[in-house]
Each structure stands twice: as C-alpha cells, then as structure tokens.
Amino acid sequence: MKFTTFYFSGTGNTRWAVYEFAQIVGEKGHQADVVSIDIQTRLSDEQIRAIVADADAIGFANPIYGGDIPPIMRAFISRVVDQIGPQKMAKSAYAINTYGYVNAFGPTEMQKLLDGSGLLLSAYVNLGLCNNVTGSKPLDRAKLAKRMVKGQKELNRLADCLIAGRKRIKGHGPQLMIGAMIRKKIPEAIAKFYQTLGVDSTLCTHCMACVENCPSGSIRLKGKQFVFSSGCTACMRCYNFCPTGAITIDGVRTDPHKFPRYQGPDA
Ligand SMILES: Cc1cc2nc3c(=O)[nH]c(=O)nc-3n(C[C@H](O)[C@H](O)[C@H](O)COP(=O)(O)O)c2cc1C
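Owing to the predicted nature of the structure, the values given are computational and were not obtained by experimental measurement.

Topic: the site of the ligand
Around the ligand there are 22 residues in total, and Thr 11, Thr 14, Ile 64, Tyr 101 and Cys 130 lie nearest to it. Within the contact set of the ligand, an oxygen atom lies 3.0 Å away from a backbone nitrogen or oxygen of Asn 132. Burial of the ligand by the surrounding chains reaches 91%, relative to a free accessible area of 650 Å². Taking a 2 Å distance to the grid points as the criterion, the majority of the atoms of the ligand fall inside the largest pocket. Elements with a minimum of two residues in the shell around the ligand: helix H1 (13–27) and strand S4 (91–99).

Shown next, in the form of structure tokens:
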C-alpha cells in the first residue's frame, strides 16, 4: 500500500512525526511518502491531483494552534478538496496532529473539512510533544524524549490500523468542549499575529533566512524594512530560527539565553 502524508511543520515536531511514520510504514513493507505544503515546495494543482490519485490513503499532519489547525493547513485542505472533488470511490484519509499541552481540535472538525472530496477520515491521532512558543520555562528535553517514545508507539498503531483497514479515531473527549471555546477566540489573534512581528535592526544581519524560510511567503524586504503580511500562519519559524534572535513580538526582542528558541526535537 502507499500512504502519502501532506504536512506542515513550523518548527520540526510534526516533521519528525511524519518521517517517523514513513519509516515505520517502510519497515512494515509498505510505501510512505511525505510532502511538505510550505510555499517553497510549489505544489501545483496538477501535482496535488496526481499525488492523491496515486496513493491508497492520504494523510494531513500539522501542529495545533489555539485548538485549531493552522491557517496554512486549513487553506491547503480546502485546495485539495477543490482539486479532487467528489470521487467515485471513497479514499481513506488520516490526520496526525502534534501539540504542546492539549489538542482541542477533533475528528469531527477534520472530517467536515474533507467533506465534498470523497476522502473519509479513518484515522485521527494526537501526539503530545512540546510547546514551541518560548515561555519562561526552559524546554524539558527528558519529557520531550519520553513523549517521542509514546508518539512512536502511537504512530506504529496508526500504521497497523491503516494497513489492516481498521479505524483509529482518537481525540474525542472533554477537551473538545474547551476547544470549541478556545477556537472562537484564538483564530482571530492568529490572523492578526503578523501585525505584532518585527525585526530588531541593530541585530539583523540581512541574512534573509526569515524571508527564504517563511512557509507562507509572508515576509518581504521592502527597501531596508521587513514587511510581515497577512498570509502569516503564526508558526514562529522566523522567531525561532533567526540566527541572531532578532525577531521581535509586540516590539519586544527577548534574549535567546534567557528565552531559548525552539528548533525542533533533533536540535
Ligand atoms: C500560534 C501557536 C499556537 C499554539 N497553540 C497550541 C494549543 O492550542 N495547544 C497546544 O497544546 N499547543 C499549541 N501550540 C504548540 C504547538 O502545537 C506544538 O509545539 C507543535 O508540536 C509544534 O509543531 P511544529 O514544530 O511541527 O510546528 C501552539 C503553537 C503556536 C506557534
């Protein structure tokens, strides 16, 4: 069987998960491809249609932002649905979410996004890894390592179920009610997040890493000024990966020694 997972990963947790999944599937004698939806991949409509047609099951993997899926993935799923339309035969779909504290998005919401496409959600899994928004607490590497082991087990079960054609829907629970409340508030904040971003010009070396790596192409250099625009999906990649830690939020630049940036599980 062939499984193709479209993924978005701001800082590396979700990328880790999809490559783990691909390896597990490969070890079980099946094929798993991973396809980034970052703007740099430049997926054409034709490519999307061909990828979906070629796979036995299609996966969507992303982090959870404010109890919801990131705008970049929401827009991508809508594009897939538009491209493939209602299919004569239903095709299996699966979702892999990563989160820091609690995932309040659920399988019902996910299936709603796929409606009209013939993609039927047969598996939905959540992997609690770590928060990628720098806080006052340093990253607990030991806890993350334990969660990665747990995540591998979950991905192994996911692979077994998909291969056997069994459903694996996880993620129903009381957190979904809290999620409904969170989801009302946070998306508005995320939609405006780009307005809070800036660059500390005393530290910026104009290396262009933020512009080149922004997954939604939302950072441009206009003259000497960096301009952040509304396509921003709030992934924190520019903030976490700027080599001099020069990205500011609400005009504040935090010291990377006091507030270490998160650069993924393998960093
Ligand atoms: C804007 C934003 C909002 C987030 N909201 C949530 C949340 O509601 N619940 C949660 O558990 N984690 C939340 N997180 C943490 C991420 O879901 C988590 O760190 C995820 O694994 C990051 O995946 P990535 O490294 O693939 O980008 C949020 C992160 C960001 C950047």
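Notes on the sheet that holds strand S6 (residues 168–169)
Pairing within the open sheet is parallel, and its 6 strands lie in the order S2-S1-S3-S4-S5-S6. Edge positions in the sheet fall to strand S2 (31–36) and S6, since each has one partner strand and no second. Where helix H2 (residues 45–54) meets the sheet, it contacts strand S1 (2–7), S2, strand S3 (57–63) and S4, and its direction lies at approximately 145° from that of S1. On top of the sheet, helix H4 (residues 107–114) reaches S3, S4, strand S5 (119–128) and S6; it is set at about 140° to S5, its chief contact.

Some details on the pairing of S2
As defined by bridge partners, S1 adjoins S2 across 6 bridges and the pair is classed as parallel. Its bridge partner lying in S2, Lys 2 is registered against Gln 31. In this region the chain leaves S1, passes through H1 and returns to the parallel neighbour S2; the handedness of that crossover is right-handed.

Quick notes on the nonpolar core
Counting 49 residues, the largest nonpolar core has Phe 6, Phe 60, Phe 76 and Met 110 as its most contacted members. Looking at this core, the elements with two or more residues in it are H2, S3, helix H3 (71–84), S4, H4, S5, strand S9 (225–228) and helix H8 (237–241). Here this core gets 7 residues from one element, more than from any other, and that element is H3. When residues of this core are sorted by domain, at least three fall in each of domain 1 (2–178) and domain 2 (190–249).

Concerning the pattern of salt bridges
Two side chains bearing opposite charge may form a pair once their charged atoms approach each other closely. Under the counting rule described, the total for this entry stands at 8 salt bridges. Where Asp 68 meets Arg 74, a salt bridge forms, and the shortest distance between an N and an O atom there is 2.8 Å. Overall, Asp 68 belongs to the buried group, its relative accessible area being 9%. A relative accessible area of 35% places Arg 74 in the partly exposed class. Taking the shortest distance from any N to any O, the salt bridge between Glu 154 and Arg 168 comes out at 2.8 Å. Residue Glu 154 is located in helix H5 (residues 141–164), and its partner Arg 168 is located in strand S6; the two are separated by 14 residues in the primary sequence. Given a relative accessible area of 10%, Glu 154 falls into the buried group. Residue class for Arg 168 comes out buried when judged on its relative accessible area of 16%.

Considering H2
By the burial criterion, the buried members of H2 are Ile 48, Ile 51 and Val 52. Projection of H2 onto a plane perpendicular to its axis shows the buried side chains occupying an angular sector of 95°, all on one side. The exposed residues of H2 that point more than 90 degrees off its buried face are Glu 46 and Ala 53. In the core, the buried residues of H2 are packed alongside S1, S2, S3, H3 and S4.

Rules used throughout
Residues numbered from 1 in each chain as written. Predicted model: local features only at pLDDT ≥ 70, side-chain atom pairs only at ≥ 80, totals over all residues. Heavy atoms only, no water. Near = heavy atom within 4 Å. Polar contact = N/O pair within 3.5 Å; in protein donor to acceptor, adjacent residues only side chain to side chain. Areas by Shrake-Rupley, 256 points an atom, 1.4 Å probe, with all protein chains shown as cover. 1 Å grid on protein atoms, 1.4 Å probe; cavity = no way out; pocket = protein on both sides within 12 Å on 5 of 7 lines; lining within 4 Å. Sits in = over half its atoms within 2 Å of the grid points. Helix = DSSP H or I, 4+ residues; strand = E, 2+ residues; numbered from the N terminus. Pairing = 2+ DSSP bridges. Contact = heavy atoms within 4.5 Å. Axes fitted to C-alpha atoms, helices over the stretch in contact; angles between N-to-C directions. Right-handed = clockwise from strand over helix to strand, strands pointing away. Core = buried A, V, L, I, M, F, W, Y, C linked by side-chain atoms within 4.5 Å. Buried < 20%, exposed > 50% of the residue type's maximum accessible area, 1.4 Å probe, protein only. Domains from an automatic or database assignment. Salt bridge = Lys/Arg side-chain N within 4 Å of Asp/Glu carboxyl O. Arc of directions from axis to C-beta.

Note that all results are geometric; they support no functional claim without further evidence.
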